[in-house]
Each structure stands twice: as structure tokens, then as C-alpha cells.
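Structure assessment
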Amino acid sequence: MSVTVLSLQSHVVQGTVGNSIAVPVMRAMGVRAWGMPTALLSNHNGRSSVAGIPIDSEQIDAMVNALDSNGELKHVDAVLSGYLTPRTGPAVLRTVERCRALHPDTIWVCDPVMGDMTPDGELRAYVPDETVSLMTDAVQHADVVVPNLAELGILTGTEPRTLDDIVRAARSLTGPHLVIVTSVPYHDDGGDGIAMVGVTGEGAVLTHGPLFDRYFNGAGDLTSAVLTAGLVKGEPLDATLGKAAGVVHTVLERTVAHPGDELDWWPEDAAAQPWKTVILAPNAPSRVGRSS
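Residues numbered from 1 in each chain as written. Predicted model: local features only at pLDDT ≥ 70, side-chain atom pairs only at ≥ 80, totals over all residues. Heavy atoms only, no water.

Overview of the overall build of the chain
- Of the regular secondary structure elements, the chain holds 8 helices and 12 strands.
- Projected onto its principal axes, the C-alpha coordinates of the chain cover approximately 55 × 45 × 40 Å.
- Looking at the chain as a whole, 53% of its 292 residues are labelled buried.
- In the chain, once contacts between residues fewer than 6 apart in sequence are set aside, the share between residues at least 24 apart is 69%.
- When the accessible surface of the chain is split by element, carbon and sulfur atoms take 53% of a total near 13,000 Å².
- Where the 19 positive side-chain charges of the chain centre and where its 34 negative ones centre are 6 Å apart. (Helix = DSSP H or I, 4+ residues; strand = E, 2+ residues; numbered from the N terminus. Buried < 20%, exposed > 50% of the residue type's maximum accessible area, 1.4 Å probe, protein only. Contact = heavy atoms within 4.5 Å. Areas by Shrake-Rupley, 256 points an atom, 1.4 Å probe, with all protein chains shown as cover. Lys, Arg positive; Asp, Glu negative; His and termini not counted. Charge placed at Lys NZ, Arg CZ, Asp CG, Glu CD.)

A closer look at the pattern of salt bridges
- Taken as a whole and judged by the stated rule, the model has 8 salt bridges.
- Between aspartate 165 and arginine 168 there is a salt bridge, with the nearest N and O atoms lying 3.2 Å from each other. In this pair, aspartate 165 and arginine 168 both sit in helix α6 (residues 163-171), 3 residues apart, roughly one turn of the helix.
- For aspartate 165, a relative accessible area of 23% gives the class partly exposed.
- One salt bridge in this structure joins arginine 254 and aspartate 269, with 2.7 Å as the shortest N-O distance. (Salt bridge = Lys/Arg side-chain N within 4 Å of Asp/Glu carboxyl O.)

What about a nonpolar patch on the surface?
- Together, Leu163, Val278 and Leu280 line one region of the surface with nonpolar side chains, adding up to about 210 Å² of accessible area.
- Relative to the elements of secondary structure, valine 278 occurs in strand β12 (residues 277-279). (Patch = residues over 30% accessible without salt bridge, like charges linked within 9 Å, V, L, I, M, F, W, Y side chains within 5 Å.)

Quick notes on the side chain of threonine 4
- With respect to the secondary-structure elements, threonine 4 resides in strand β1 (residues 4-12).
- Of the polar contacts made by the side chain of threonine 4, one reaches the side chain of arginine 32; its length is 2.8 Å.
- Not counting chain neighbours up to four residues away, the residues in contact with threonine 4 comprise Arg32, Trp34, His75, Val76, Asp77 and Ala78. (Polar contact = N/O pair within 3.5 Å; in protein donor to acceptor, adjacent residues only side chain to side chain.)

Digging into the confidence of the model for the chain
- Confidence in the prediction of the chain, expressed as mean pLDDT, is 89, and 95% of residues score 70 or more.
- Counting interchain partners and residues more than four positions distant, the pLDDT-below-50 stretch residues 282-289 has 18 contacts. (pLDDT = per-residue confidence, 0-100.)

A short note on unusual backbone geometry
- Residue serine 183 is not a glycine yet carries a positive backbone phi of 55°.
- Considering the arrangement of structural elements, one finds serine 183 in strand β9 (residues 178-188).

Side note on the side chain of asparagine 217
- By the secondary structure assignment, asparagine 217 is in the loop between β11 (204-210) and α7 (219-232).
- Overall, asparagine 217 belongs to the buried group, its relative accessible area being 17%.
- When neighbours within four sequence positions are excluded, asparagine 217 is seen to be in contact with Thr16, Val17, His44, Asp261 and Leu263.

Considerations on the packing of α7 against helix α8 (residues 237-255)
- Between α7 and α8, the shortest axis-to-axis distance is 9 Å and the interhelical angle comes to 145°. α8 is crossed by α7, and the crossing has right-handed handedness. Of the residues in α8, those in contact with Ala219, Leu222, Thr223, Val226, Leu227, Gly230 and Leu231 of α7 are Thr240, Leu241, Lys243, Ala244, Val247, Val248, Val251 and Leu252.
- Its residues placed into classes, the contact of α7 with α8 shows 11 nonpolar, 3 polar and 1 charged. (Axes fitted to C-alpha atoms, helices over the stretch in contact; angles between N-to-C directions. Left-handed = near helix turned anticlockwise from the far one by under 90°. Nonpolar A, V, L, I, M, F, W, Y, C, P; charged D, E, K, R; others polar.)

What about the nonpolar core?
- Counting residues in hydrophobic clusters, the biggest one holds 43 residues, and the most contacted among them are Leu6 and Trp108.
- Core analysis: the next-biggest nonpolar cluster, separate from the first, contains 41 residues, Met29, Leu80, Val146 and Val232 among them. (Core = buried A, V, L, I, M, F, W, Y, C linked by side-chain atoms within 4.5 Å.)

Quick word on the environment of valine 205
- Residue position: valine 205 is located in strand β11.
- Valine 205 sits in the buried class, given a relative accessible area of 2%.
- Linking valine 205 and isoleucine 180, residues 25 residues apart in sequence, is a C-alpha distance of 9.2 Å.
- With residues near it in sequence (within four places) discarded, valine 205 still touches Met196, Val197, Gly198, Leu237, Asp238, Leu241, Thr277, Val278 and Ile279.

Looking at helix α1 (residues 19-28)
- Most of α1 sits inside the fold, with 7 of its 10 residues counted as buried.
- Of the positions making up α1, those classed as buried are Asn19, Ser20, Ile21, Ala22, Val23, Val25 and Met26.
- Positive phi appears at glycine 30, one or two residues downstream of α1, with a value of about 85°.

Have a look at this one:
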């Protein structure tokens, strides 16, 4: 029986961000993915022109009500959320609780889209303070949180630089069972690279590889989607991280060779070779789920 993910993110007509990348990727990985838009846009906001239709909490609630009335909401095994605003965030939290009430094992994977690192290594939030406040509260109700390094710092009021800093900061988030930190600079004998670190209360797992010196719109949404697909299917944490890193690297490697700012993704990328992972501490749980 297939598993189901309800993904609440923006939808763009042109481009590969939000649900426009997350839904097809999860489907290619064998997950029944439902994309509920939190905004309908022509393209991502970084382009010179953008148009679309805002979606507020009332409209999201109405769509969720319809799914429930049709007997579908009870099938949701995981909720994936991306960029939230004070206009949409409350409805996303209500949706999670409704899914959990019908299906107590439903997990919430929260990608706290808020900021990034500046070229000189400083934390930068690119959302209003009220959005930061909303997200800081929201992650305490999530089962899995997928921040980049800057967002981990914003959520915890810290400036994590070392691996020990990252593990300590991730464990200070008292709500989630698992924190997966992305976009972590990694240096070894092979030069500069990029790492992803999965942290639980009992252990940590790391995977790392080469760094592309370029920004890719939608790379974070792609990463969260692949991670969610692995976790909701019950795959071990180390396998989930390795798979996500392998898929994302394959897509970015092809994308960097072509002009434009869309991810050059193909369904066969779901079969990409996983990266190797390293267990950083003993007794890391093999699977992630709800404990209550």
C-alpha cells in the first residue's frame, strides 16, 4: 500500500520551486503526493516580474474540509510544509492537527524557509520578524525540521559553526524528533564541500560531497521532498540522507551545465546512487515516527 504526503507549498506555473518540484519528485519515488498550494504564482519571486493569486487561511481550510468530507484526509501519512507566512501558517498548523486526529501516526516535516548565509558567513533572515516568530513556534510542533545552517541559527538564537555546535543547537529544539541540517560547509583533504547532518536525541548521521559554487532556486524544496519521501516510507535515517544527497547532487550536476535558473530534473533521477553516510554517535534510531 502506498504512503501519502500532503505538501503545502507554493505552486508556480514556470519554474521548479515549491510544489512544482516537490510533488513530481515524491511521486517518482513511489509516494502518493498531493500538492495543496499556499500561493499560485507565475514564477518564483526572484524574477523581475511575478504575478499570481494569494491564498489565505480560509481557502486552505476550505480545501482541507473538502478532502475530509470526501474521506481522503485520513489517508495522510505525512504533511510537508515549506515557506509559511502569518497569512497561511495558522491554517497549516490546523491541517497538521486535523491529520493527526484522524491518523495519529502522521508526521509533519517542516522546512522553515527563513534565511541563508551571506558570502562572509553571517546569518541573514529574508522574512519579516513576524514570520520568524511564527516559524520559531511552528517547529516546536513538528516531528521533523529541515533547516539550512542559517535557519538553525535563527531558530535557536545561536551561530553554529562546528559540528558540535550544530548537534547542540539541533537538540535544543525540544519539539521535533529529528532535525536535518542542510547546506553545512564541509572541509576535508579534498577541499571545500557541502554536508547534511541528521540529528536525533540519541545520535547523528552525516553525509557530504562536493560543492557547486552557484545558487539554485528550488534546491532546498527538492531536498525536503526527497527526505520526506524516504522518511514516510520508513527508510533508515542514514539511507534517507544518503539518498537525498545523491538525488540532489545528480540534479544540480546536470543543472549547472545548462543556462537558466530551473532545476534540470528528470523522473529517473529518483534512482540516483546514494551518497555514503557516517554515523557520528552510537544508537541512532533507524526510523522516524511519532512518539505520541
